[in-house]
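# Structural overview
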Amino acid sequence: MPIGQTYLDLLPIELFDEIFVYLTCNDILKSFYGINNHINQVVLQYPMYLVDLTSNSLTKKEFDLIYSKIDSNKIIKLKMGHDRYNVSNRFLLKNNAQQTLTNLRSLWINNNCQKEAFNLRLLDFNNLVSFRFDSISHLSSVDSNCLFEHLQYLVGCSSAHFRHMFKNIPSHLIFLHMFFNSFDDLHCFIDPNANQLKSLGIGFSSIYVDATRVISLFENYQWNNLIQLNLNLPS
């Protein structure tokens, strides 16, 4: 075997793709990047990265490697939130400047971003298949006219906050788990989606809940595909 070559060089690229699909971007870089030039090229050409900027194991050095080496157009899933290095905002500032992240399909904003103001100006929410937000604080500059033509999975901590950010309610959802701020909000989200919903999670965190109104949901809609229902009601 020539100097600098490893047994990994003998593996087909398709096998790497099968392995990488189970790993985050950080895991891939830590495990494979830097072995040799050939493996580096395999890593950098991978087209479907999952980037978790909130990982407790992500060091500043490792983030710098993601920031400098990974083509943002190859990121399909992004999880972000507050961290001691402020990497989420730094990452978004870079991508806002370069107008990238065009292939992003899944966005998760976790509940640790209480102190951050994330500028989501150039994220195309209309391309998202999955959107989750665990915090209602300081999400700025979104496209409020987004139609959510591809969104199928929506998880959120506040229906009122979603409606404050966006004018339109997604109408192609098969998975909806939300804390609702009113029964009107609940019906606004269910009306266009009841026929195709497969999983529905209903939570009320602060309003009085009349059990008969919850029961009426199952009398007023045709639940043709629903297989999972979760209720989180105030005690």
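The following paragraphs examine the structure supplied in this document. (Residues numbered from 1 in each chain as written. Predicted model: local features only at pLDDT ≥ 70, side-chain atom pairs only at ≥ 80, totals over all residues. Heavy atoms only, no water.)

### Section: the nonpolar core
Judged by nonpolar contacts, the single largest core of 59 residues is most densely connected at Leu107, Phe125, Phe131 and Leu154. In this structure, Phe125 is in contact with Leu107, Leu120, Phe131, Val142, Cys146, Phe148 and Phe166, ignoring residues within four places of it in sequence. (Core = buried A, V, L, I, M, F, W, Y, C linked by side-chain atoms within 4.5 Å. Buried < 20%, exposed > 50% of the residue type's maximum accessible area, 1.4 Å probe, protein only. Contact = heavy atoms within 4.5 Å.)

### Quick look at the packing of aromatic side chains
Inspection of every chain in the model, using the stated rule, returns 20 aromatic pairs. Ring geometry for Phe133 versus Phe162: centroids 6.3 Å apart, planes at 25°, classification stacked. Pair noted here: Phe133 is in strand β5 (residues 130–133) and Phe162 is in helix α6 (residues 159–165), with a separation of 29 residues, a long-range link. The residues Phe133 and Phe162 share a single accessibility class, namely buried. Grouping aromatic residues by their ring pairs yields a cluster made of Phe125, Phe131, Phe133, Phe148, Phe162, Phe166, Phe180, Phe183, Phe189 and Phe204. Over the aromatic face of Trp108 sits the side chain of Lys79, whose NZ or CZ is 3.9 Å from the ring centroid. (Phe/Tyr/Trp six-rings, centres within 6.5 Å; stacked < 30°, edge-to-face > 60°. Helix = DSSP H or I, 4+ residues; strand = E, 2+ residues; numbered from the N terminus. Lys NZ or Arg CZ within 6 Å of the ring centre and 35° of its normal.)

### Things to note about the sheet that holds β5
Within the open sheet, the 8 strands sit side by side as β1-β2-β3-β5-β7-β8-β9-β10. Their pairing is parallel. On the outer flanks of this sheet lie β1 (49–52) and β10 (228–232), each paired with one strand and no other. Neighbour-to-neighbour, the strand axes of the sheet open up by a mean angle of 10°, direction not taken into account. Relative to β5, strand β3 (residues 106–109) runs parallel, the two sharing 4 bridges. If you follow Ile109 over to β5, its bridge partner there is Phe133. (Pairing = 2+ DSSP bridges. Axes fitted to C-alpha atoms, helices over the stretch in contact; angles between N-to-C directions.)

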